[in-house]
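Take a look at the letters that make up each chain.
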Amino acid sequence: MKRVRVIDSHTGGEPTRVVIEGGPDLGSGSMAERLEKFRSHHDDFRSAVVNEPRGSDVMVGALLLPPVDNAASTGVIFFNNVGYLGMCGHGAIGVMAVLDYLKRIKPGAHQIETPVGTVTATLTATNEVTITNVASYRYRKAVPLEVADLGTIHGDIAWGGNWFFLVDGLAEKLLVQDAEHWTSVTSQIRAALERDGISGENGAEIDHIEIFGPGLNGGDSRNFVLCPGKAYDRSPCGTGTSAKLACLAADGKLKPREVWKQESIVGSQFEGRFEWEGEGVRPSITGRAYVNAECVLVLDPEDPFCWGIRR
């Protein structure tokens, strides 16, 4: 039997399961190279950690790894029920909460290496975390898309550490009790993107769909984010908020360092800001995570569902 030590947290309601002991040996390459080894040789481990019967579709995993640069606090690979994420904003905030819980870090700025680049995470004395994300940008504006139940809609394609299709104006209110409906709507949008061959830069898959409505708890807007695997983000989505900031900046609707309060479908909030960087922006996302479990997963090879229930 194999034992895997994990610490769970949630960021604005969205769970992160951080693997701190018992993960696979991925060598000493970059996080991008180690991600490919993870994907190619240890995908069963990903499924075992986050899928049922130990996890759920909404669970996001974070495998802590020694960084390449000793100046960084950690390296990390994020994953979910169907695959891997380049970056994860809520997950990075969760990682910081776990490192603080383990007393591996102190308040201040820390470097976290991810497969898509190094991000800066600043922990305050009150356990608030600001993630300075990878450079983000809008790739295409107002792309028309024919969706069966919606007719023709328009959305922006933007990078915030993952690829997003961002759509405004589909709802007067986004309420959590309507989550099943919005899951269906955003799933149709993603299917239409695949049908029409619409992608991110260099043919990259657009695997996140983000729709917006007015803020209901004092925020500037509320979002619903469909993640890969058809789970919706309970948090306001760090990479999704980064993509939104890139679009707002490109349209001149938000100034550098001006605060954008992004609500999630469950009402939690992130604060976002940006600085210009080249043709895009360098976003900063502020939020808070709470550690809520510490346990040891037991992987018994005689268990028929040891490696998770896959879809």
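Notes on the structure in this doc start here. Just so you know, these numbers come straight off a predicted model, no measurement behind them.

## Focus: the overall build of the protein
Okay, step 1: Along the protein, the regular secondary structure elements total five helices and 16 strands.
Okay, step 2: Taken against the 2.2 N^0.38 rule, which gives 19 Å for 311 residues, the C-alpha radius of gyration of the protein at 19 Å falls within 12% of a compact globule.
Okay, step 3: Its C-alpha atoms give the protein principal-axis dimensions of about 55 × 45 × 35 Å.
Okay, step 4: In the protein, of all internal contacts separated by at least 6 residues, the share reaching a separation of at least 24 is 63%.
Okay, step 5: Within the protein, one finds 31 positive and 40 negative side-chain charges whose respective centroids are separated by 3 Å.

## Let's talk about helix α3 (residues 89-101)
Okay, step 1: With 13 residues, α3 should reach 18 Å at 1.5 Å per residue; the first-to-last C-alpha distance of 19 Å fits that figure.
Okay, step 2: Buried residues dominate α3, accounting for 11 of its 13 residues.
Okay, step 3: Listed in full, the buried residues belonging to α3 are Gly-89, His-90, Gly-91, Ala-92, Ile-93, Gly-94, Val-95, Met-96, Ala-97, Val-98 and Leu-99.
Okay, step 4: Positive backbone phi, approximately 60°, marks Lys-103, located one or two places after α3.

## With respect to unusual backbone geometry
The general pattern is negative phi for most residues beyond glycine and trans for most peptide bonds.
Okay, step 1: Looking along the chain, the bond that leaves Glu-52 and enters Pro-53 is cis, with omega of 10°.
Okay, step 2: Checked against the element boundaries, Pro-53 lands in the loop between α2 (43-50) and β3 (60-65).
Okay, step 3: Here the phi dihedral of Asn-202 falls at roughly 60°; this positive angle occurs in a residue that is not glycine.
Okay, step 4: Mapped onto the fold, Asn-202 is located in the loop between α4 (179-196) and β12 (208-213).
Okay, step 5: You will see that Arg-257, though not glycine, has its phi angle at about 70°, which is positive.
Okay, step 6: Looking at where Arg-257 falls in the secondary structure, it is placed in the loop between α5 (238-250) and β14 (260-263).

## Some remarks on the nonpolar core
Okay, step 1: Core analysis: the largest hydrophobic core is formed by 62 residues, its most contacted members being Phe-78, Val-95, Leu-145, Phe-165 and Ile-189.
Okay, step 2: With seven residues, α3 is the largest single contributor of residues to this core.
Okay, step 3: Counting 20 residues, the second largest nonpolar core, distinct from the first, contains Leu-26, Phe-38, Met-59 and Tyr-84.

## Brief notes about the packing of helix α1 (residues 31-41) against α2
Okay, step 1: In the contact formed by α1 and α2, the axes pass within 5 Å of each other and the chain directions differ by 85°. On the basis of the axis angle, α1 is roughly perpendicular to α2. In this structure, α1 uses Phe-38, Arg-39 and His-41 to contact α2, whose residues at the interface are Asp-43, Phe-45 and Arg-46.
Okay, step 2: Split into classes, the residues belonging to the contact of α1 with α2 amount to two nonpolar, one polar and three charged.

## Considering the packing of aromatic side chains
Okay, step 1: Using the criterion set out here, one finds eight aromatic pairs in the structure.
Okay, step 2: With 5.5 Å between their ring centres and 75° between their planes, Phe-38 and Phe-79 make a pair best called edge-to-face. In this pair, Phe-38 sits in helix α1 while Phe-79 sits in strand β4 (residues 74-79), placing the two residues 41 residues apart along the sequence.
Okay, step 3: Under the relative-accessibility criterion, Phe-79 is labelled buried at 0%.
Okay, step 4: Relative to Trp-276, the ring of Phe-274 has its centre 5.4 Å away and its plane inclined at 80°; by these criteria the two rings are edge-to-face.
Okay, step 5: You can call Phe-274 buried: its relative accessible area is 1%.

Rules used throughout
Residues numbered from 1 in each chain as written. Predicted model: local features only at pLDDT ≥ 70, side-chain atom pairs only at ≥ 80, totals over all residues. Heavy atoms only, no water. Helix = DSSP H or I, 4+ residues; strand = E, 2+ residues; numbered from the N terminus. Rg over C-alpha atoms; globule rule 2.2 N^0.38 Å. Contact = heavy atoms within 4.5 Å. Lys, Arg positive; Asp, Glu negative; His and termini not counted. Charge placed at Lys NZ, Arg CZ, Asp CG, Glu CD. Expected span 1.5 Å × (residues − 1). Buried < 20%, exposed > 50% of the residue type's maximum accessible area, 1.4 Å probe, protein only. Core = buried A, V, L, I, M, F, W, Y, C linked by side-chain atoms within 4.5 Å. Axes fitted to C-alpha atoms, helices over the stretch in contact; angles between N-to-C directions. Parallel < 35°, antiparallel > 145°, perpendicular 65-115°, else oblique. Nonpolar A, V, L, I, M, F, W, Y, C, P; charged D, E, K, R; others polar. Phe/Tyr/Trp six-rings, centres within 6.5 Å; stacked < 30°, edge-to-face > 60°.

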